[in-house]
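Report on the structure
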Amino acid sequence: PELLGANGPRRYLIMAQNEDEMRATGGFLTGAGVLVLDNGRITDLNFMDANQVDNWATRPYDFPPQPYYDFMGLEMLLFRDANFWPNFPTSAQKAMDLFAYGQDAPPLDGAIAIDQEFLRLLVDATGPVPIPGSERTISAGNLIETLRQARNIREGQSVVDWVQNRKAFLGGFALAILAKLETGFGGVDLPKLAGNMAGAAEQRHLSLYMRDSGLAAALAETGWDGRLPAAPPGDFVMAVDTNMGYNKTNVLVERSLQYAVDLNSAAQGTLTIHYRHTGAPSAEPCYQGVAEEFEQATDYLTLADQCYWNYLRVYVPAGSQLVESSRHTVPGSTLFSGRTWDATAQVVPEQPGLATFANFMLLPQGSEATAFFQYTLPAGVVETKDGALVYRLRVYKQPGTRPEALRIAVTLPAGTTLLETSLPAGMGNGQVVMETTLEHNIEVTVRYAKP
(Lines give C-alpha, C1' and ligand atoms only; values in the text may rest on other atoms or scores of the structure.)
Protein backbone atom coordinates (compact mmCIF):
# COMPACT_ATOMS: atom_id res chain seq x y z
CA PRO A 1 0.00 0.00 0.00
CA GLU A 2 2.79 2.48 0.79
CA LEU A 3 4.25 1.86 -2.65
CA LEU A 4 0.92 2.99 -4.16
CA GLY A 5 0.72 6.13 -2.06
CA ALA A 6 -1.61 4.92 0.68
CA ASN A 7 -0.05 7.36 3.14
CA GLY A 8 0.26 10.31 0.78
CA PRO A 9 1.47 10.99 -2.77
CA ARG A 10 4.56 9.17 -3.98
CA ARG A 11 6.66 10.56 -6.83
CA TYR A 12 8.65 8.07 -8.87
CA LEU A 13 11.21 8.67 -11.59
CA ILE A 14 10.51 6.60 -14.72
CA MET A 15 13.80 5.75 -16.44
CA ALA A 16 12.92 4.87 -20.05
CA GLN A 17 15.84 2.82 -21.35
CA ASN A 18 16.60 1.71 -24.90
CA GLU A 19 18.24 -1.71 -25.02
CA ASP A 20 19.22 -1.13 -28.66
CA GLU A 21 22.03 1.00 -27.16
CA MET A 22 23.10 -1.16 -24.24
CA ARG A 23 23.97 0.33 -20.87
CA ALA A 24 24.60 -1.32 -17.51
CA THR A 25 21.02 -1.32 -16.16
CA GLY A 26 19.28 -2.08 -19.44
CA GLY A 27 19.90 0.54 -22.08
CA PHE A 28 20.60 4.17 -22.89
CA LEU A 29 18.46 6.56 -20.83
CA THR A 30 16.40 7.93 -23.68
CA GLY A 31 13.51 9.42 -21.68
CA ALA A 32 12.53 10.48 -18.19
CA GLY A 33 9.13 10.72 -16.59
CA VAL A 34 7.57 11.38 -13.23
CA LEU A 35 4.77 9.10 -12.05
CA VAL A 36 2.65 10.31 -9.12
CA LEU A 37 0.65 7.75 -7.18
CA ASP A 38 -1.85 8.84 -4.54
CA ASN A 39 -3.95 6.31 -2.66
CA GLY A 40 -3.59 3.75 -5.43
CA ARG A 41 -4.42 6.11 -8.29
CA ILE A 42 -2.17 7.62 -10.94
CA THR A 43 -2.68 11.36 -10.51
CA ASP A 44 0.08 12.50 -12.88
CA LEU A 45 2.37 11.03 -15.51
CA ASN A 46 4.64 13.00 -17.83
CA PHE A 47 7.65 12.28 -20.00
CA MET A 48 10.49 14.25 -21.52
CA ASP A 49 13.59 13.66 -23.63
CA ALA A 50 16.45 12.63 -21.32
CA ASN A 51 18.67 15.18 -23.11
CA GLN A 52 16.44 17.96 -21.79
CA VAL A 53 16.66 17.00 -18.11
CA ASP A 54 19.94 18.72 -17.33
CA ASN A 55 20.76 22.37 -16.85
CA TRP A 56 24.43 22.07 -17.69
CA ALA A 57 24.65 25.45 -19.41
CA THR A 58 24.25 27.32 -16.11
CA ARG A 59 25.01 24.74 -13.38
CA PRO A 60 28.16 22.72 -12.63
CA TYR A 61 28.15 18.96 -13.11
CA ASP A 62 30.49 16.31 -11.77
CA PHE A 63 33.18 14.61 -13.81
CA PRO A 64 31.86 11.30 -15.21
CA PRO A 65 33.15 7.80 -14.46
CA GLN A 66 36.59 7.53 -16.07
CA PRO A 67 35.57 5.14 -18.91
CA TYR A 68 33.04 7.69 -20.17
CA TYR A 69 35.86 10.22 -20.49
CA ASP A 70 38.46 7.80 -21.85
CA PHE A 71 36.29 6.10 -24.45
CA MET A 72 33.51 8.60 -25.26
CA GLY A 73 35.12 11.95 -24.52
CA LEU A 74 32.45 12.94 -21.97
CA GLU A 75 33.48 15.59 -19.46
CA MET A 76 30.29 15.77 -17.36
CA LEU A 77 28.02 13.17 -15.85
CA LEU A 78 24.58 14.08 -17.17
CA PHE A 79 21.25 12.38 -16.52
CA ARG A 80 21.27 10.36 -19.75
CA ASP A 81 24.45 8.57 -18.62
CA ALA A 82 23.49 8.09 -14.97
CA ASN A 83 22.93 4.32 -15.25
CA PHE A 84 26.63 3.46 -15.50
CA TRP A 85 26.57 1.06 -12.52
CA PRO A 86 24.91 -2.36 -12.93
CA ASN A 87 23.92 -2.29 -9.26
CA PHE A 88 20.54 -0.66 -9.90
CA PRO A 89 20.14 1.11 -6.53
CA THR A 90 23.43 2.94 -7.23
CA SER A 91 22.38 4.06 -10.72
CA ALA A 92 18.83 4.85 -9.58
CA GLN A 93 20.01 7.14 -6.80
CA LYS A 94 22.35 8.95 -9.19
CA ALA A 95 19.57 9.34 -11.79
CA MET A 96 17.10 10.62 -9.19
CA ASP A 97 19.59 13.15 -7.84
CA LEU A 98 20.51 14.38 -11.33
CA PHE A 99 16.85 14.70 -12.32
CA ALA A 100 16.02 16.75 -9.22
CA TYR A 101 19.17 18.85 -9.74
CA GLY A 102 18.53 19.55 -13.41
CA GLN A 103 14.81 20.23 -13.03
CA ASP A 104 14.93 22.07 -9.68
CA ALA A 105 12.46 19.44 -8.51
CA PRO A 106 11.89 18.09 -5.01
CA PRO A 107 13.51 14.75 -4.12
CA LEU A 108 11.87 11.70 -5.64
CA ASP A 109 10.66 8.69 -3.67
CA GLY A 110 11.97 6.03 -6.00
CA ALA A 111 12.88 5.02 -9.54
CA ILE A 112 11.39 2.56 -12.01
CA ALA A 113 13.53 1.49 -14.97
CA ILE A 114 11.80 0.07 -18.02
CA ASP A 115 12.80 -0.80 -21.58
CA GLN A 116 11.11 -1.50 -24.90
CA GLU A 117 10.50 -5.15 -24.06
CA PHE A 118 8.73 -4.09 -20.85
CA LEU A 119 6.40 -1.90 -22.91
CA ARG A 120 5.74 -4.77 -25.31
CA LEU A 121 4.78 -7.03 -22.40
CA LEU A 122 2.57 -4.28 -20.97
CA VAL A 123 0.69 -3.76 -24.23
CA ASP A 124 0.46 -7.54 -24.68
CA ALA A 125 -1.65 -7.56 -21.51
CA THR A 126 -3.64 -4.34 -21.98
CA GLY A 127 -4.48 -5.01 -25.61
CA PRO A 128 -3.96 -2.56 -28.52
CA VAL A 129 -3.53 1.08 -27.49
CA PRO A 130 -4.80 3.87 -29.77
CA ILE A 131 -2.56 6.93 -29.92
CA PRO A 132 -4.58 10.14 -29.47
CA GLY A 133 -4.39 12.59 -32.35
CA SER A 134 -3.28 9.97 -34.85
CA GLU A 135 -4.61 7.00 -36.72
CA ARG A 136 -2.03 4.69 -35.18
CA THR A 137 -2.74 1.87 -32.77
CA ILE A 138 0.11 0.19 -30.94
CA SER A 139 -0.02 -3.54 -30.29
CA ALA A 140 2.45 -6.04 -28.89
CA GLY A 141 3.23 -7.06 -32.46
CA ASN A 142 4.18 -3.62 -33.76
CA LEU A 143 5.30 -1.76 -30.63
CA ILE A 144 9.09 -1.97 -30.98
CA GLU A 145 9.03 -1.19 -34.69
CA THR A 146 6.64 1.73 -34.05
CA LEU A 147 8.94 3.14 -31.36
CA ARG A 148 11.90 2.97 -33.73
CA GLN A 149 10.02 4.59 -36.60
CA ALA A 150 8.59 7.33 -34.37
CA ARG A 151 12.10 8.56 -33.67
CA ASN A 152 12.86 9.14 -37.39
CA ILE A 153 12.50 12.56 -39.00
CA ARG A 154 9.13 13.22 -40.63
CA GLU A 155 8.68 14.38 -44.21
CA GLY A 156 8.95 18.16 -44.32
CA GLN A 157 10.30 18.44 -40.77
CA SER A 158 13.42 20.58 -40.29
CA VAL A 159 16.48 19.02 -38.69
CA VAL A 160 16.39 21.63 -35.90
CA ASP A 161 12.78 20.78 -35.07
CA TRP A 162 13.58 17.06 -35.26
CA VAL A 163 16.48 17.37 -32.81
CA GLN A 164 14.28 19.23 -30.33
CA ASN A 165 11.23 16.98 -30.65
CA ARG A 166 12.40 13.57 -31.90
CA LYS A 167 11.33 11.91 -28.64
CA ALA A 168 8.05 13.76 -28.17
CA PHE A 169 6.19 10.54 -28.93
CA LEU A 170 7.22 9.23 -25.48
CA GLY A 171 4.79 11.57 -23.73
CA GLY A 172 1.94 10.76 -26.09
CA PHE A 173 2.52 7.06 -25.73
CA ALA A 174 2.61 7.29 -21.91
CA LEU A 175 -0.67 9.21 -21.86
CA ALA A 176 -2.24 6.70 -24.26
CA ILE A 177 -1.29 3.82 -21.94
CA LEU A 178 -2.68 5.75 -18.97
CA ALA A 179 -5.95 6.44 -20.80
CA LYS A 180 -6.22 2.75 -21.70
CA LEU A 181 -5.81 1.73 -18.06
CA GLU A 182 -8.25 4.37 -16.78
CA THR A 183 -11.03 3.99 -19.34
CA GLY A 184 -10.66 0.44 -20.55
CA PHE A 185 -9.44 -1.31 -17.44
CA GLY A 186 -12.46 -3.62 -17.44
CA GLY A 187 -11.19 -5.16 -20.67
CA VAL A 188 -7.66 -5.74 -19.40
CA ASP A 189 -6.69 -9.34 -18.68
CA LEU A 190 -5.59 -8.80 -15.06
CA PRO A 191 -3.95 -12.20 -14.51
CA LYS A 192 -2.03 -11.74 -17.74
CA LEU A 193 -1.05 -8.19 -16.74
CA ALA A 194 0.22 -9.39 -13.36
CA GLY A 195 2.07 -12.30 -14.97
CA ASN A 196 3.65 -10.12 -17.65
CA MET A 197 4.82 -7.53 -15.12
CA ALA A 198 6.31 -10.20 -12.87
CA GLY A 199 7.93 -11.75 -15.92
CA ALA A 200 9.37 -8.40 -16.97
CA ALA A 201 11.01 -8.02 -13.55
CA GLU A 202 12.36 -11.57 -13.51
CA GLN A 203 13.69 -11.28 -17.08
CA ARG A 204 15.40 -7.98 -16.18
CA HIS A 205 13.26 -5.60 -18.22
CA LEU A 206 11.91 -3.87 -15.11
CA SER A 207 13.84 -2.70 -12.04
CA LEU A 208 12.50 -0.82 -9.02
CA TYR A 209 14.26 1.18 -6.33
CA MET A 210 12.65 2.90 -3.34
CA ARG A 211 14.31 5.30 -0.90
CA ASP A 212 12.09 4.04 1.92
CA SER A 213 14.10 1.34 3.71
CA GLY A 214 11.07 -0.86 4.34
CA LEU A 215 9.98 -0.82 0.71
CA ALA A 216 13.57 -1.30 -0.42
CA ALA A 217 13.89 -4.40 1.77
CA ALA A 218 10.67 -5.85 0.36
CA LEU A 219 11.87 -5.32 -3.22
CA ALA A 220 15.25 -6.84 -2.37
CA GLU A 221 13.49 -10.02 -1.21
CA THR A 222 11.80 -10.39 -4.59
CA GLY A 223 15.01 -9.64 -6.50
CA TRP A 224 13.20 -6.92 -8.45
CA ASP A 225 15.47 -4.12 -7.26
CA GLY A 226 18.36 -5.05 -9.57
CA ARG A 227 20.77 -5.17 -6.66
CA LEU A 228 24.05 -7.05 -7.04
CA PRO A 229 24.90 -9.31 -4.11
CA ALA A 230 27.21 -7.69 -1.58
CA ALA A 231 28.84 -10.96 -0.54
CA PRO A 232 27.46 -13.83 -2.61
CA PRO A 233 27.86 -17.30 -1.15
CA GLY A 234 29.58 -19.68 -3.52
CA ASP A 235 30.50 -18.58 -7.05
CA PHE A 236 29.07 -15.66 -8.99
CA VAL A 237 29.45 -14.20 -12.48
CA MET A 238 27.84 -11.39 -14.45
CA ALA A 239 28.94 -9.91 -17.79
CA VAL A 240 27.91 -6.29 -18.43
CA ASP A 241 28.19 -4.48 -21.78
CA THR A 242 28.15 -0.71 -22.25
CA ASN A 243 27.74 0.62 -25.79
CA MET A 244 30.15 3.54 -26.18
CA GLY A 245 29.65 4.12 -29.88
CA TYR A 246 26.82 6.70 -29.90
CA ASN A 247 24.67 4.29 -31.91
CA LYS A 248 21.96 1.61 -31.71
CA THR A 249 24.18 -1.29 -32.76
CA ASN A 250 22.91 -3.71 -30.13
CA VAL A 251 20.00 -4.40 -32.50
CA LEU A 252 22.53 -6.37 -34.56
CA VAL A 253 24.87 -7.78 -31.90
CA GLU A 254 24.49 -11.29 -30.52
CA ARG A 255 26.30 -12.61 -27.44
CA SER A 256 26.83 -16.05 -25.91
CA LEU A 257 28.54 -17.06 -22.66
CA GLN A 258 30.68 -20.01 -21.60
CA TYR A 259 31.84 -20.46 -18.03
CA ALA A 260 34.31 -23.17 -17.06
CA VAL A 261 35.30 -23.77 -13.45
CA ASP A 262 37.95 -26.18 -12.19
CA LEU A 263 37.33 -27.20 -8.57
CA ASN A 264 40.67 -28.86 -7.94
CA SER A 265 42.84 -27.56 -5.06
CA ALA A 266 43.06 -23.96 -6.35
CA ALA A 267 39.62 -23.32 -7.83
CA GLN A 268 39.81 -21.39 -11.09
CA GLY A 269 37.16 -19.90 -13.35
CA THR A 270 37.29 -18.94 -17.02
CA LEU A 271 34.54 -16.84 -18.56
CA THR A 272 34.44 -16.68 -22.36
CA ILE A 273 32.09 -14.28 -24.13
CA HIS A 274 31.52 -14.57 -27.87
CA TYR A 275 30.15 -11.65 -29.90
CA ARG A 276 28.75 -11.68 -33.41
CA HIS A 277 27.79 -8.60 -35.41
CA THR A 278 24.99 -9.78 -37.71
CA GLY A 279 25.22 -6.80 -40.05
CA ALA A 280 26.84 -7.05 -43.47
CA PRO A 281 30.59 -6.36 -43.63
CA SER A 282 31.34 -2.78 -44.66
CA ALA A 283 34.29 -1.15 -46.40
CA GLU A 284 33.62 2.06 -44.47
CA PRO A 285 36.08 2.62 -41.61
CA CYS A 286 34.71 2.53 -38.07
CA TYR A 287 34.31 5.89 -36.36
CA GLN A 288 32.27 7.02 -33.37
CA GLY A 289 29.55 9.11 -34.98
CA VAL A 290 27.28 11.37 -33.00
CA ALA A 291 27.70 14.38 -35.26
CA GLU A 292 26.06 12.92 -38.35
CA GLU A 293 23.07 11.75 -36.33
CA PHE A 294 22.16 15.34 -35.46
CA GLU A 295 23.42 17.04 -38.63
CA GLN A 296 21.84 14.59 -41.05
CA ALA A 297 18.91 13.29 -38.94
CA THR A 298 20.17 9.75 -39.42
CA ASP A 299 17.38 7.19 -39.43
CA TYR A 300 17.17 4.54 -36.74
CA LEU A 301 18.30 1.47 -38.67
CA THR A 302 21.28 3.36 -40.10
CA LEU A 303 22.32 4.13 -36.53
CA ALA A 304 22.01 0.43 -35.79
CA ASP A 305 24.12 -0.73 -38.73
CA GLN A 306 27.39 0.60 -37.30
CA CYS A 307 30.49 -0.75 -35.58
CA TYR A 308 30.19 -1.71 -31.91
CA TRP A 309 32.40 -0.08 -29.28
CA ASN A 310 31.91 -2.02 -26.07
CA TYR A 311 33.15 -1.39 -22.54
CA LEU A 312 32.89 -4.87 -21.02
CA ARG A 313 32.86 -5.50 -17.29
CA VAL A 314 32.79 -8.88 -15.55
CA TYR A 315 31.74 -9.23 -11.90
CA VAL A 316 33.01 -12.19 -9.88
CA PRO A 317 33.41 -13.00 -6.17
CA ALA A 318 35.56 -10.66 -4.10
CA GLY A 319 39.02 -12.10 -3.64
CA SER A 320 39.19 -13.48 -7.17
CA GLN A 321 42.57 -12.84 -8.79
CA LEU A 322 42.87 -12.20 -12.52
CA VAL A 323 45.40 -14.59 -14.10
CA GLU A 324 45.00 -14.05 -17.83
CA SER A 325 42.62 -12.37 -20.27
CA SER A 326 42.14 -11.61 -23.93
CA ARG A 327 43.84 -8.57 -25.39
CA HIS A 328 41.80 -6.07 -27.39
CA THR A 329 42.88 -3.28 -29.68
CA VAL A 330 40.72 -0.28 -30.56
CA PRO A 331 42.56 1.97 -33.05
CA GLY A 332 42.72 5.64 -32.11
CA SER A 333 41.52 6.45 -35.63
CA THR A 334 38.09 5.10 -34.65
CA LEU A 335 37.73 7.22 -31.49
CA PHE A 336 37.00 10.87 -30.78
CA SER A 337 39.99 10.91 -28.45
CA GLY A 338 42.38 9.60 -31.08
CA ARG A 339 44.06 7.44 -28.43
CA THR A 340 44.53 3.77 -29.27
CA TRP A 341 43.45 1.19 -26.69
CA ASP A 342 45.60 -1.94 -26.72
CA ALA A 343 45.42 -3.88 -23.46
CA THR A 344 44.39 -6.93 -21.54
CA ALA A 345 41.70 -6.68 -18.87
CA GLN A 346 42.04 -4.19 -16.04
CA VAL A 347 41.08 -4.79 -12.41
CA VAL A 348 38.86 -1.88 -11.33
CA PRO A 349 37.48 -1.11 -7.85
CA GLU A 350 33.76 -0.63 -8.26
CA GLN A 351 31.26 -2.92 -6.53
CA PRO A 352 31.63 -3.79 -2.81
CA GLY A 353 31.67 -7.55 -2.28
CA LEU A 354 32.65 -8.30 -5.88
CA ALA A 355 35.79 -8.10 -8.00
CA THR A 356 35.49 -6.33 -11.35
CA PHE A 357 37.52 -7.00 -14.50
CA ALA A 358 37.11 -4.65 -17.46
CA ASN A 359 38.23 -4.23 -21.05
CA PHE A 360 37.36 -2.17 -24.12
CA MET A 361 36.75 -3.74 -27.52
CA LEU A 362 35.63 -2.96 -31.05
CA LEU A 363 33.40 -5.17 -33.19
CA PRO A 364 33.22 -4.03 -36.84
CA GLN A 365 30.15 -4.78 -38.92
CA GLY A 366 29.83 -8.42 -39.94
CA SER A 367 32.63 -9.57 -37.64
CA GLU A 368 33.00 -11.82 -34.59
CA ALA A 369 35.14 -11.45 -31.48
CA THR A 370 35.80 -13.32 -28.26
CA ALA A 371 36.73 -11.98 -24.85
CA PHE A 372 37.91 -14.20 -22.01
CA PHE A 373 38.84 -13.78 -18.36
CA GLN A 374 40.69 -16.45 -16.39
CA TYR A 375 40.99 -16.03 -12.63
CA THR A 376 41.49 -17.88 -9.38
CA LEU A 377 38.48 -18.06 -7.09
CA PRO A 378 38.55 -17.39 -3.35
CA ALA A 379 38.19 -20.14 -0.82
CA GLY A 380 34.62 -21.00 0.05
CA VAL A 381 33.02 -21.48 -3.37
CA VAL A 382 32.38 -25.11 -2.32
CA GLU A 383 30.51 -25.91 0.89
CA THR A 384 29.83 -29.13 2.76
CA LYS A 385 26.18 -29.92 3.29
CA ASP A 386 24.44 -33.14 4.39
CA GLY A 387 27.61 -35.13 3.90
CA ALA A 388 28.16 -33.94 0.31
CA LEU A 389 30.22 -31.21 -1.32
CA VAL A 390 28.12 -28.53 -3.01
CA TYR A 391 29.31 -26.10 -5.65
CA ARG A 392 26.86 -23.24 -6.05
CA LEU A 393 26.99 -20.77 -8.95
CA ARG A 394 24.80 -17.74 -9.56
CA VAL A 395 24.78 -16.20 -13.02
CA TYR A 396 23.11 -12.79 -13.32
CA LYS A 397 21.57 -11.62 -16.57
CA GLN A 398 22.34 -8.09 -17.69
CA PRO A 399 19.09 -6.11 -17.78
CA GLY A 400 17.77 -5.39 -21.26
CA THR A 401 19.59 -8.24 -22.98
CA ARG A 402 17.86 -10.82 -25.10
CA PRO A 403 18.01 -14.48 -23.99
CA GLU A 404 21.58 -15.71 -24.40
CA ALA A 405 23.10 -19.17 -24.79
CA LEU A 406 24.99 -20.21 -21.65
CA ARG A 407 27.29 -23.20 -21.30
CA ILE A 408 28.64 -24.17 -17.86
CA ALA A 409 31.42 -26.75 -17.48
CA VAL A 410 32.49 -27.87 -14.01
CA THR A 411 35.63 -29.94 -13.51
CA LEU A 412 35.27 -31.93 -10.29
CA PRO A 413 38.28 -32.82 -8.13
CA ALA A 414 39.95 -36.06 -9.13
CA GLY A 415 38.42 -39.14 -7.56
CA THR A 416 35.11 -37.54 -6.57
CA THR A 417 31.70 -38.82 -7.66
CA LEU A 418 28.92 -36.69 -9.14
CA LEU A 419 25.69 -37.00 -7.15
CA GLU A 420 23.29 -34.44 -8.55
CA THR A 421 22.99 -31.26 -10.64
CA SER A 422 20.21 -28.67 -10.63
CA LEU A 423 20.21 -28.53 -14.44
CA PRO A 424 20.28 -31.43 -16.90
CA ALA A 425 23.94 -32.30 -17.36
CA GLY A 426 26.26 -34.48 -19.35
CA MET A 427 29.78 -35.72 -18.67
CA GLY A 428 32.65 -35.16 -21.05
CA ASN A 429 36.42 -34.90 -20.69
CA GLY A 430 36.08 -35.10 -16.93
CA GLN A 431 33.65 -32.20 -16.85
CA VAL A 432 30.04 -31.82 -15.82
CA VAL A 433 28.50 -29.86 -18.70
CA MET A 434 25.22 -27.96 -18.52
CA GLU A 435 23.73 -25.94 -21.36
CA THR A 436 20.86 -23.52 -20.91
CA THR A 437 19.48 -20.17 -21.99
CA LEU A 438 20.11 -17.17 -19.77
CA GLU A 439 16.65 -15.56 -19.64
CA HIS A 440 16.81 -14.43 -16.01
CA ASN A 441 19.16 -14.73 -13.05
CA ILE A 442 19.87 -18.39 -12.40
CA GLU A 443 21.42 -20.49 -9.65
CA VAL A 444 23.16 -23.75 -10.47
CA THR A 445 24.24 -26.37 -7.95
CA VAL A 446 26.47 -29.40 -8.38
CA ARG A 447 26.60 -31.98 -5.55
CA TYR A 448 29.42 -34.47 -5.43
CA ALA A 449 31.15 -36.72 -2.94
CA LYS A 450 34.66 -37.73 -2.02
CA PRO A 451 35.59 -41.42 -2.36
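Located above this text is the structure these notes cover.
Residues numbered from 1 in each chain as written. Predicted model: local features only at pLDDT ≥ 70, side-chain atom pairs only at ≥ 80, totals over all residues. Heavy atoms only, no water.

Moving on, we come to the overall build of the chain. Counting its regular elements, the chain contains 10 helices and 24 strands. Relative to the 2.2 N^0.38 estimate, which gives 22 Å for 451 residues, the radius of gyration of the chain is 23 Å and therefore close to what a compact globule would have. In the chain, buried positions account for 52% of the 451 residues. Expressed as a percentage of contacts within the chain between residues at least 6 apart in sequence, the contacts between residues at least 24 apart total 72%. As displayed, the chain offers around 19,400 Å² of accessible surface, 52% of which is attributable to carbon and sulfur atoms. (Helix = DSSP H or I, 4+ residues; strand = E, 2+ residues; numbered from the N terminus. Rg over C-alpha atoms; globule rule 2.2 N^0.38 Å. Buried < 20%, exposed > 50% of the residue type's maximum accessible area, 1.4 Å probe, protein only. Contact = heavy atoms within 4.5 Å. Areas by Shrake-Rupley, 256 points an atom, 1.4 Å probe, with all protein chains shown as cover.)

Turning our attention to the state of the cysteines. If you walk through the whole model with that rule in mind, you get one disulfide. Put simply, cysteine 286 and cysteine 307 are joined by a disulfide, and their sulfur atoms are 2.1 Å apart. Handedness here is read from the sign of the S-S torsion; for cysteine 286 and cysteine 307, about -75°, the answer is left-handed. You can see cysteine 286 sitting in the loop between strand E10 (268-277) and helix H9 (291-296) and its partner cysteine 307 sitting in the loop between helix H10 (300-304) and strand E11 (308-317), a full 21 residues away along the chain. For the pair cysteine 286 and cysteine 307, one class covers both residues: buried. (Disulfide = S-S within 2.5 Å.)

Turning to helix H8 (residues 213-222), a few remarks are in order. If you check which residues of H8 are buried, you get Leu215, Ala216 and Leu219. Each buried residue of H8 lies within a common arc of 100° when the element is viewed along its axis, so the set occupies one face. In this structure, H8 carries Ser213 and Glu221 as exposed residues pointing more than 90 degrees from its buried face. Looking at the packing, one finds that the buried side of H8 touches strand E1 (10-18) and strand E7 (206-210). Where H8 starts, the residue carrying a side-chain oxygen 3.0 Å from the main-chain nitrogen of glycine 214 turns out to be aspartate 212. Among the residues trailing H8, glycine 223 stands out with phi positive, at a value near 80°. (Arc of directions from axis to C-beta. Polar contact = N/O pair within 3.5 Å; in protein donor to acceptor, adjacent residues only side chain to side chain.)

Assignment of secondary structure puts asparagine 87 in the loop between helix H1 (66-72) and helix H2 (88-103). Among residues more than four places away in sequence, those in contact with asparagine 87 are Gly226, Arg227, Leu228 and Gln351.

Proximity of charged atoms lets side chains of opposite charge pair with each other. Tallied over the entire structure, the rule returns 18 salt bridges. Arginine 211 is paired through a salt bridge with aspartate 97; the nearest N and O atoms lie 3.2 Å apart. Of the two residues, arginine 211 is situated in the loop between E7 and H8 and aspartate 97 in helix H2; the sequence distance between them amounts to 114 residues. The exposure class assigned to arginine 211 is partly exposed, which follows from its relative accessible area of 36%. Within this structure, Glu21, Arg23, Arg80, Asp81 and Lys248 form a network of salt bridges that share partners. (Salt bridge = Lys/Arg side-chain N within 4 Å of Asp/Glu carboxyl O.)

Attention now goes to the sheet that holds strand E12 (residues 321-325). Overall, mixed pairing links the seven strands, which are arranged E12-E17-E10-E9-E20-E23-E22 in an open sheet. This sheet does not close on itself; its edge strands, each paired only once, are E12 and strand E22 (426-428). Sheet twist, expressed as the average angle between the axes of neighbouring strands with direction ignored, equals 25°. Where E10 lies against strand E17 (residues 368-376), nine bridges are found, and the strand directions are antiparallel. In the sheet register, isoleucine 273 faces E17, and the bridge partner there is alanine 371. (Pairing = 2+ DSSP bridges. Axes fitted to C-alpha atoms, helices over the stretch in contact; angles between N-to-C directions.)

To continue, consider the sheet that holds strand E4 (residues 110-114). Pairing in this open sheet of five strands is mixed, and the strands run E3-E2-E1-E4-E7 from one edge to the other. Sheet topology places strand E3 (41-49) and E7 at the edges, where each strand pairs with a single neighbour. Put simply, the sheet's adjacent strands are angled 20° from each other on average, direction ignored. Of the pairings in the sheet, the one linking E1 to strand E2 (residues 28-38) comprises nine bridges and is antiparallel in character. Residue pairing across strands places glutamine 17 opposite leucine 29, the latter belonging to E2.

Ranked by internal contacts, the top residues of the largest apolar core, which has 43 residues, are Leu13, Met15, Phe79, Phe99, Trp309 and Phe360. At the level of secondary structure, the elements contributing two or more residues to this core comprise E1, E2, H1, H2, E4, E11, strand E14 (341-343) and strand E16 (354-363). Sorting elements by how many residues they give to this core places H2 first, with six residues. Setting aside anything within four residues of it in sequence, one finds methionine 15 in contact with Leu29, Gly31, Asn83, Phe88, Ala92, Ala95, Ala111, Ile112, Ala113 and Ile114. Counting 41 residues, the second largest nonpolar core, distinct from the first, contains Tyr259, Leu312, Leu377 and Val381. (Core = buried A, V, L, I, M, F, W, Y, C linked by side-chain atoms within 4.5 Å.)

With 10 of its 10 residues buried, E16 lies for the most part within the structure. Here E16 shows a buried face lined by Leu354, Thr356, Ala358, Phe360 and Leu362 and a second buried face lined by Ala355, Phe357, Asn359, Met361 and Leu363. As paired elements, E11 and E16 share 10 bridges and run antiparallel to each other. Residue valine 314 lies in a different strand from E16, and its bridge partner there is phenylalanine 357. Judged from the three bridges that link them, strand E15 (residues 346-348) and E16 form a sheet pairing that is antiparallel. Opposite valine 348, over in E16, you have threonine 356 as the bridge partner.

The phi dihedral of aspartate 104 is positive, around 50°, even though this residue is not glycine. For aspartate 386, which is not glycine, the phi dihedral falls at a positive 55°. With respect to the helices and strands, the residue aspartate 386 is situated in the loop between strand E18 (382-385) and strand E19 (388-396).

None of this, on its own, says anything about what the molecule does.
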